[in-house]
2 protein chains.
Amino acid sequence: MRDPILLPLDLPELEADLSGGLVRRTVHPSGLRVLTERMPGARSASIGFWVGVGSRDEQSEREDAPGSLGSTHFLEHLLFKGTPSRDAYAIATSFDRIGAEHNALTAKEYTCYYAKVRDADIDGAVTVLADMVTNSTLSTTEFEIERGVILEELAMAADDLADVANERFFEAVLGEHPLGRPIGGNPETIRAAHRDDVNQHYRERYDPTTLVVTAAGAVDHDRLVEQVLAVLNLSPEERWHTDRVAAPARRAQLAAGATVVPAPGAPAADGAAGGSPVTEAAGRAFSAGAEPRVHLTERPSEQVNLMIGTEGLCASDDRRFAFGIMNSVLGGGMSSRLFQEIREKRGLAYTAYSFGASYSDAGVFGMYAGTAPEKAEEVARLSRLELQKLADGGITEEEHERALGQIAGSSALALEDSDTRMGRLARAELGSGELYDLDASLERFAAATAEEIREVAALFAERPLTTVAVGEVDRAGFRG
Amino acid sequence: MRDPILLPLDLPELEADLSGGLVRRTVHPSGLRVLTERMPGARSASIGFWVGVGSRDEQSEREDAPGSLGSTHFLEHLLFKGTPSRDAYAIATSFDRIGAEHNALTAKEYTCYYAKVRDADIDGAVTVLADMVTNSTLSTTEFEIERGVILEELAMAADDLADVANERFFEAVLGEHPLGRPIGGNPETIRAAHRDDVNQHYRERYDPTTLVVTAAGAVDHDRLVEQVLAVLNLSPEERWHTDRVAAPARRAQLAAGATVVPAPGAPAADGAAGGSPVTEAAGRAFSAGAEPRVHLTERPSEQVNLMIGTEGLCASDDRRFAFGIMNSVLGGGMSSRLFQEIREKRGLAYTAYSFGASYSDAGVFGMYAGTAPEKAEEVARLSRLELQKLADGGITEEEHERALGQIAGSSALALEDSDTRMGRLARAELGSGELYDLDASLERFAAATAEEIREVAALFAERPLTTVAVGEVDRAGFRG
């Protein structure tokens, strides 16, 4: 079996052929990492500035503390608002005038600023992205305007009941764990946010040790490294902003075998009422026989948005390949069991699928469907039943083969896009430190046995299931 | 200036170099058209079976008539439900086991069934798509199950207030015109739909004259033509399903200079209360001085979804290139006027943009923003003001240059995807019959003068503006 490419932090240069492209990696003495994948024939490139800081790294509850809830996402917005050499309008026009696809996103364990541009526009995009990430001024005026924008973003999300269900589901399954919190904070924490606290969060957390620059497509590695070092004012002997205390990256902790602990100030996991007893250590056994938990949110609606699931797998869990196949069979497409039983045979929903989300020290597994309130009880029953059937009887040979084909085909198609490859580099670097090329990862999926696949379903089926329903749950007396 | 490639219906074979690919087109004596664009180096392909029949072609109001509202979309669902040689599960597995990206969509003037697959899987995907489009059985059992699925799809859309605002906006601007109707029908028409009527709609409308097969990527034109003819059981001398009355394609009508009229049974445009006086003929002058029209829909929400606009341009309107630039400047990106004035300077919304939608004989122009109810009045005022300022003063040189750069860059990036090229072929074939390659279309954009751009803004600003607001409009006494 082919091994993944390892990305050790003390290896300054690395070069490897991956299916479809040449991968190169440079680790600067400051801790800054640059990874590129050159794709033959590409006339454009995707460039990402990734910072290994996400919503989980915020201090919670203490509203006046640096890094209060939502501050990572608030900061992401503010990095578009100006540096000493570019105001917000200059940043916006620099992307718009070249027709770039560009945006930023805040996740639970990282933040990313990216652009996809034509080959001739790469240098310009790198310059602006680097300036934004390292030199933003966070002006007080812009801070107050952006507070309004973020409150509108939260209001928009609050009107999307599938979004609401998703946030409630993470909170319900992961309980007090920092990964359970909504990424954007809530209107109260955003109204209470102070500019100086967000600025402190920026100064303390954005650092060469947490910054990973990745690019894929028509990209020249040496040129990119040179350019990033120049904009960041880094020489091989010099650290970027040496006055800052370097926050060790999550991956550095993982690589060193350290236990990942919640960010300072986060309450310890305690299994409080309504929260699930989640700890920060991976693989903890669940207390058997716990009662299923049901979280109902009454909202005027045509559909009930239903999520049922439990704790899933960590990103480094060896069972993730078996899970990929199990998830494909259970709810990964039109031929999957959930889609067939809920939609195709009974017409109970338009959308029905299963999913997994994995992080460094926790994960969730879930099943989603949107359905009329009077059908919610049956859809919930069918979802639980299909999970149990998979746990009891496993998958068929035909399903096994189809899932492998689906994963191979969809992965190959996804890797045609430079943004997928750009993201893969960053997630490997910030995550497990293992970079799988397509063939190596397909070998891992193929090596998972039918029994291992059944065992993953059984693992989830044996855990207490959490049910979240958002919508007119009262209309038909839905009780989970 | 480079001319577009013309696609006359009486030209059986055509071959042309387009920037990035070789385009070939075959018109079969039956009327069937096959267009391909081979992209050098591609390892996958996007394949679409397009039928020139959309929701506008349905007969309206008479619930028991063939083709009642929503039947085109209902039919699209049913084509996944089985043929004499493949049941619904076989269709689903045939796509899933190769990891295809596949789906279908119903629009106002066409329906499309598509798949993106690896090169080795092209033949298989073409076989299944062709079988679905030409041989579906529309079983009564599947019809009843799918009725439930579609009702859930409509319920899902009804919970999305931006979706609701969009449908209301088209109805309000286009009035009784068949293009003003919601694509999917409504719960009443779907509950009343009869299998035999949808079947008749299928038998009468799906025909070689309305079918256009397009593909882009690693595709072999001759092989595709041969395969499609074989599955459709067509020889050069033979018509497909000769017992059917061939419905003339919209484009054939346009090419012949015929006036496009609403589908039989649709009420004549009459400017009834609440509807705008839209006729089926393009370019009709508006009665000056008509009162602005406001349509409020009260729904519990955090945000008001606001759309303001008026009739826009037809797909064949020469002013569409000037409009593209005007739209980029007004609301086409982070540096656009609406985004700057509403979001960046005042923090009143997370999303603010302008848009156009063009059809063979009508179009709409609109501005969208989502905002808190108490800010809706100001956002509406600012949107109207920015349109008026553009109508009065035109655009700056810097904006002009930036818009051209944005269109050039974003078009080049979009055309890297085979699905964009596949769709471009079909829309040209089903629409104006003119296929612009990238350079030719950029020349048209560059040729639009600043005065022509201002005149398009003035055209819209002089028409009576329709305002649609969906959400808690009463909360702050919003009156438009």
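Owing to the predicted nature of the structure, the values given are computational and were not obtained by experimental measurement. (Residues numbered from 1 in each chain as written. Chains lettered and ligands numbered in written order. Predicted model: local features only at pLDDT ≥ 70, side-chain atom pairs only at ≥ 80, totals over all residues. Heavy atoms only, no water.)

S.K.: I'd like a rundown of the interface of chain B and chain A, residues and numbers included.
M.R.: When the parts come together, some accessible area is lost, and that loss is often what is quoted as the size of the interface. Contacts between the two partners involve 63 residues from chain B, matched on the other side by 63 residues from chain A. Carbon and sulfur atoms make up 55% of the area that chain B and chain A hide from each other, which totals about 4700 Å². When residues of chain B are sorted by the area they lose upon contact with chain A, Glu152, Tyr350 and Leu413 of chain B head the list and together hold 14% of the total. For the interface between chain B and chain A, the tally reads six salt bridges. (Contact = heavy atoms within 4.5 Å. Buried area = accessible area lost by both parts, 1.4 Å probe. Salt bridge = Lys/Arg side-chain N within 4 Å of Asp/Glu carboxyl O.)

S.K.: Pulling in residues and values, what's your account of the relation of the copies chain B and chain A?
M.R.: Expressed as a screw operation, the relation of chain B to chain A combines 0.0 Å of axial shift with a rotation of 180°, fitting to an RMSD of 0.0 Å. Considering both components of the superposition, the chain copies are consistent with a two-fold axis. (Least-squares fit on C-alpha atoms with pLDDT ≥ 70 in both.)

S.K.: Please provide a residue-by-residue account of unusual backbone geometry, values included.
M.R.: Excluding glycine, a negative phi dihedral is what most residues carry, and trans is how most peptide bonds are arranged. All names here are of chain A. In this structure, Leu138 is a non-glycine residue whose phi angle is positive, near 55°. Inspection of the secondary structure puts Leu138 in the loop between helix H3 (122–135) and helix H4 (140–158). By relative accessible area, Leu138 is classed as buried at 2%. (Helix = DSSP H or I, 4+ residues; strand = E, 2+ residues; numbered from the N terminus. Buried < 20%, exposed > 50% of the residue type's maximum accessible area, 1.4 Å probe, protein only.)

S.K.: Break down the domain arrangement of chain A for me, with residues and values.
M.R.: All names here are of chain A. One can read the domain layout of chain A as domain 1 (5–249) and domain 2 (294–471). Placing the centre of domain 1 and that of domain 2 at their C-alpha centroids yields a distance of 28 Å. Taken together, the contacts link 48 residues of domain 1 with 48 residues of domain 2. Of the roughly 3600 Å² buried between domain 1 and domain 2 on both sides combined, carbon and sulfur atoms contribute 67%. (Domains from an automatic or database assignment.)

S.K.: Describe the packing of aromatic side chains, listing the residues and the values that go with them.
M.R.: All names here are of chain B. Per the counting criterion, the structure on display carries 26 aromatic pairs over all chains. When the centroid spacing of 6.2 Å and the interplanar angle of 90° are considered together, the rings of Phe323 and Phe365 count as edge-to-face. Of this pair, Phe323 sits in helix H10 (residues 320–331) while Phe365 sits in strand S14 (residues 363–371), and the two are 42 residues apart along the sequence. Here Phe323 and Phe365 have matching classes, each one buried. (Phe/Tyr/Trp six-rings, centres within 6.5 Å; stacked < 30°, edge-to-face > 60°.)

S.K.: I'd like a rundown of the environment of Ile98 of chain A, residues and numbers included.
M.R.: Mapped onto the elements, Ile98 of chain A comes out in the loop between helix H2 (88–96) and strand S8 (101–106). Excluding residues that lie within four positions of it along the chain, Ile98 of chain A makes contacts with Val117, Arg118 and Asp121 of chain A together with Gly405, Gln406, Gly409 and Ser410 of chain B.

S.K.: Got a sec to walk through helix H16 (residues 450–462) of chain B? Specific residues and values, please.
M.R.: Residue and element names in this part refer to chain B. Look at H16: 18 Å from first C-alpha to last across 13 residues, which is about the 18 Å you get at 1.5 Å a residue. Among the residues making up H16, those that are buried are Ile453, Val456, Ala457, Ala458, Leu459, Phe460 and Ala461. Residues of H16 that are buried in the fold lie against strand S12 (304–311), H10, S14, helix H12 (376–393) and helix H13 (397–414). (Expected span 1.5 Å × (residues − 1).)

S.K.: Requested: an account of the confidence of the model for chain A, with residues and values cited.
M.R.: Keep in mind that low pLDDT regions are not for reading the predicted coordinates in detail. Residue and element names in this part refer to chain A. On average, residues of chain A score 88 in pLDDT, and 86% of them reach the 70 mark or higher. In this model residues 239–249 is a low-confidence stretch, pLDDT under 50, and it forms 28 contacts with partners more than four residues away in sequence or in other chains. The ipTM, which scores confidence in the relative placement of chains, is 0.89 for this predicted complex, and the corresponding pTM is 0.90. (pLDDT = per-residue confidence, 0-100.)

S.K.: Hey, could you go over the packing of helix H2 (residues 88–96) of chain B against helix H3 (residues 122–135) of chain B for me, with residue numbers and the actual values?
M.R.: Residues and elements named next belong to chain B. Packing of H2 against H3 brings their axes to within 10 Å, and their N-to-C directions diverge by 150°. The orientation of H2 relative to H3 falls into the category roughly antiparallel. Helix-helix and strand crossings are classified by hand; for H2 and H3 the assignment is left-handed. In contact with Ile91, Ser94 and Phe95 of H2, H3 contributes Val128, Leu129 and Met132. Across the contact of H2 with H3, the residue classes break down as five nonpolar, one polar and no charged. (Axes fitted to C-alpha atoms, helices over the stretch in contact; angles between N-to-C directions. Parallel < 35°, antiparallel > 145°, perpendicular 65-115°, else oblique. Left-handed = near helix turned anticlockwise from the far one by under 90°. Nonpolar A, V, L, I, M, F, W, Y, C, P; charged D, E, K, R; others polar.)

S.K.: Tell me about the sheet that holds strand S2 (residues 13–18) of chain B, and please be specific about residues and values.
M.R.: Ordered in space as S2-S3-S4-S10-S5-S9-S8 (chain B), the seven strands form an open sheet in which the pairing is mixed. Among the strands making up the open sheet, the edge pair consists of S2 and strand S8 (101–106) of chain B. In this sheet, adjacent strand axes meet at a mean angle of 10° when their direction is disregarded. In the sheet, S2 of chain B pairs with strand S3 (residues 21–27) of chain B via six bridges, with the strands oriented antiparallel. The residue of S3 of chain B that forms the bridge with Leu18 of chain B is Gly21 of chain B. Strand contacts of helix H13 (residues 397–414) of chain A: strand S5 (44–51), S8 and strand S9 (111–118) of chain B, with the helix running at about 95° to S9 of chain B, the strand carrying the most contacts. (Pairing = 2+ DSSP bridges.)

S.K.: Tell me about the sheet that holds strand S13 (residues 352–358) of chain A, and please be specific about residues and values.
M.R.: Residue and element names in this part refer to chain A. Strand order across the open sheet formed by five strands is S11-S16-S12-S14-S13, with mixed pairing between neighbours. With partners counted over all chains shown, the strands left at the sheet margins are strand S11 (293–298) and S13, one partner each. Within this sheet the neighbouring strands show an average axis-to-axis angle of 15°, counted without direction. Pairing of S13 with strand S14 (residues 363–371), which is carried by seven bridges, proceeds in the antiparallel orientation. Bridging from a neighbouring strand, Ala352 pairs with Ala369 of S14. Along the sheet face, helix H11 (residues 337–344) touches S13 and S14 and points at about 145° away from the line of S13.

S.K.: Could you give an account of a negative patch on the surface, with specific residues and numbers?
M.R.: On the surface, Asp160, Asp163, Glu167 and Glu171 of chain A together with Asp160, Asp163, Glu167 and Glu171 of chain B cluster together to form a negatively charged patch. The set of elements that each furnish at least two residues to the negative patch consists of helix H5 (161–174) of chain A together with helix H5 (161–174) of chain B. Looking at the element boundaries, Asp160 of chain A is found in the loop between H4 and H5. (Patch = residues over 30% accessible without salt bridge, like charges linked within 9 Å, V, L, I, M, F, W, Y side chains within 5 Å. Areas by Shrake-Rupley, 256 points an atom, 1.4 Å probe, with all protein chains shown as cover. Lys, Arg positive; Asp, Glu negative; His and termini not counted. Charge placed at Lys NZ, Arg CZ, Asp CG, Glu CD.)

S.K.: Provide a residue-level description of the pairing of strand S10 (residues 211–217) of chain A, including the pertinent values.
M.R.: Residues and elements named next belong to chain A. A large share of S10 lies buried, amounting to seven of its seven residues. Residues Leu211, Val213, Ala215 and Gly217 point to one face of S10 and Val212, Thr214 and Ala216 to the other, with burial holding for every one of them. Here strand S4 (residues 33–38) pairs with S10 via six bridges, running parallel. Paired with Arg38 across the two strands is Gly217, which belongs to S10. Sheet topology note: the strand S5 (residues 44–51)/S10 ladder contains seven bridges and is antiparallel. Its bridge partner lying in S10, Trp50 is registered against Val212.

S.K.: I'd like a rundown of H11 of chain A, residues and numbers included.
M.R.: Burial analysis of H11 of chain A places eight of its eight residues in the buried class, which makes it a mostly covered element. Buried residues of H11 of chain A: Arg337, Leu338, Phe339, Gln340, Glu341, Ile342, Arg343 and Glu344 of chain A, and no others.

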